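Residue-level structure breakdown
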Amino acid sequence: NSSLPGSNDSLADAGSDGEEDSVRVVVRIRPPNDLENNRKDKVITQCPGKGALWVDNSTSGGRPKQFTFDGVFGAETSQYQMFESCGIKKLLDMALDGYACTAFAFGQTGSGKTHTITGPMTMFEDDTGQDAELQGLIQRAFLYLFDSIGQRKRRDPSTVYTLRATYLEIYNEQVKDLLNPADRPNLPVRWSKEQGFYVENLFCPEFENIDDIMAVLEEGMHNRHVGSHNLNEHSSRSHTMLTLNLDCEMADPDDASTYVTKHGKICFVDLAGSEKVKESKSAGDALVETTNINKSLLTLGNCISALSDPKKRSGHIPFRDSKLTKLLSDSLGGTGVTLMVACISPSAYNASETMNTLRYAVRAKRIKNKPLVRMDPREKLILSLQRELKRLRSENEYL
Ligand code: ADP
Ligand code: MG
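The name an unreviewed UniProt entry gives the protein chain is Kinesin-like protein, with Branchiostoma floridae as the organism.

What follows is the structure in structure tokens.
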């Protein structure tokens, strides 16, 4: 197994899970934008259904290509349909059951990553509030989670969920806390046996209702804006990660006198643009940025390549080479559950970047995780001993 120490040893499997599960990969094609329309760019993507995607790559010299993914969503797909059909609901259910889940969007700048994850950035730029129709996966996930928690509590009144959130940005290989930006500009990424990789001193507020968590998102989006001189350039080069920790305490279904705690989480990652960053000629900051961005995305690409190759999968995976991959290590080939949304433009103009994104998507589909419920190992041991005792007692009754 390629997963790192920390994840497997410390948080034990709660039951019969731990079976291999492929990373789920879906593709979203955005509508042509004004520039592409004005240029009368040829549309090169078609989605005939059943997860098929055809790309006419002839303008950039390639042959037409056919792909199959876990879902392909065309330009007409609404934000609502995306949430309903992309597979995120399964991740949210699993996060509530105690699994570590990650949804991430990747693709070139302008392909619709932020639109998919949080909705259009313009939604956060004025005070008019969010347009509900345009809300992305995150806001819809919040609503779904509160709804599901309500249902679970009605079914089992002993259930208590404690919800906490963190929101960070990785820019230039520096981790910034988007909920506490004034603190320190570069928080260290550390590793511990209990937690695996984590960011030290990240502000992690608890929240109890939908308004609080919406406020957390808005605060983070706001701070992302404030901290950047050139918003478009900044957002195309930074990775953001919003994580909801869902600690669930509930009575053991087999023995109501015992409580167990599961530590589920759902993480939403909006990756930096995957386009090849051109060599920057200028000295100083700009040059550093180029190098570091290459490092983070390059490392992610290297990890995905290695994990997708059955011969290399069990060998060394270079997670430790960048902050991004350290923090994503459990969702790639680890014990988490992962959804990737590959975002692409429909236009011939972007054909080569689109093909590049799809090549990664194909590789990502081959990555296998072994999802495990995250529970304290001692608690798990007690639980299994109690079950064993109960079994022995019931056997004795028949003797
Ligand atoms: P990225 O985050 O990948 O750089 P954005 O999400 O910011 O790209 O999208 C670029 C522009 O295209 C934005 O104005 C966004 O609102 C628009 N856009 C992206 N995807 C869609 C979509 N599916 N439907 C409508 N507009 C979209
Ligand atoms: Mg973006």
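A few points about the overall build of the protein chain
Each helix and strand counted, the protein chain has 12 helices and 16 strands in total. When the 399 residues of the protein chain are sorted by exposure, 43% land in the buried category. Sequence-distant contacts in the protein chain: of pairs separated by 6 or more residues, those separated by 24 or more amount to 72%.

A few points about the packing of helix H4 (residues 88–96) against helix H6 (residues 137–155)
It is at 10 Å that the axes of H4 and H6 come closest, and there the two elements cross at 45°. The orientation of H4 with respect to H6, classified from their angle, is oblique. In the packing of H4 onto H6, the handedness of the crossing is right-handed. When H4 is examined against H6, the residues Ile88, Lys89, Leu92 and Leu96 are found in contact with a partner set consisting of Leu137, Ala141, Tyr144, Leu145, Ser148 and Arg152. Grouping the constituent residues of the contact of H4 with H6 by class yields 7 nonpolar, 1 polar and 2 charged.

Here's the deal with the environment of leucine 271
Along the chain, the position of leucine 271 falls in the loop between strand S14 (255–270) and helix H9 (285–308). A residue is classified by how many C-beta atoms lie within 10 Å of it, and leucine 271, with 23 of them, is buried. Measuring from C-alpha to C-alpha, the distance between leucine 271 and serine 236 comes to 8.2 Å, with 35 residues separating the pair along the chain. Excluding anything up to four places from it in sequence, leucine 271 contacts Phe104, Ala105, Phe106, Lys113 and His239.

What counts as what
Sequence order sets the numbering: in each chain, residues are counted from 1 along the sequence as written. Each chain is given a letter, starting from A, and each ligand a number, starting from 1, according to the order in which they appear as written. Two thresholds apply to this predicted model, a pLDDT of at least 70 for residue-level local features and 80 or more for giving and counting side-chain atom pairs, whereas whole-chain, interface and lining totals are computed over all residues. Segments assigned H or I by DSSP are reported as helices when at least four residues long, segments assigned E as strands when at least two residues long, and all are numbered from the N terminus. Counting other C-beta atoms within 10 Å of its own, a residue is labelled buried from 20 upward, exposed at 12 or fewer, and partly exposed in the gap between, with every C-beta atom placed from the backbone. Contact definition: two residues whose C-beta atoms, as placed from backbone geometry, lie within 7 Å. Orientation is described by lines fitted to C-alpha atoms, with helices fitted over the stretch in contact, and by angles between N-to-C directions that extend from 0 to 180 degrees. Reported orientations rely on four angle classes, namely roughly parallel under 35 degrees, roughly antiparallel over 145, roughly perpendicular from 65 to 115, and oblique for the rest. Crossings are sorted by hand: turned counterclockwise from the far helix by less than a right angle, the near helix makes the crossing left-handed, and turned clockwise it makes it right-handed. In this count, Pro and Cys sit with the nonpolar residues alongside Ala, Val, Leu, Ile, Met, Phe, Trp and Tyr, while Asp, Glu, Lys and Arg are called charged and the others, Gly among them, polar.

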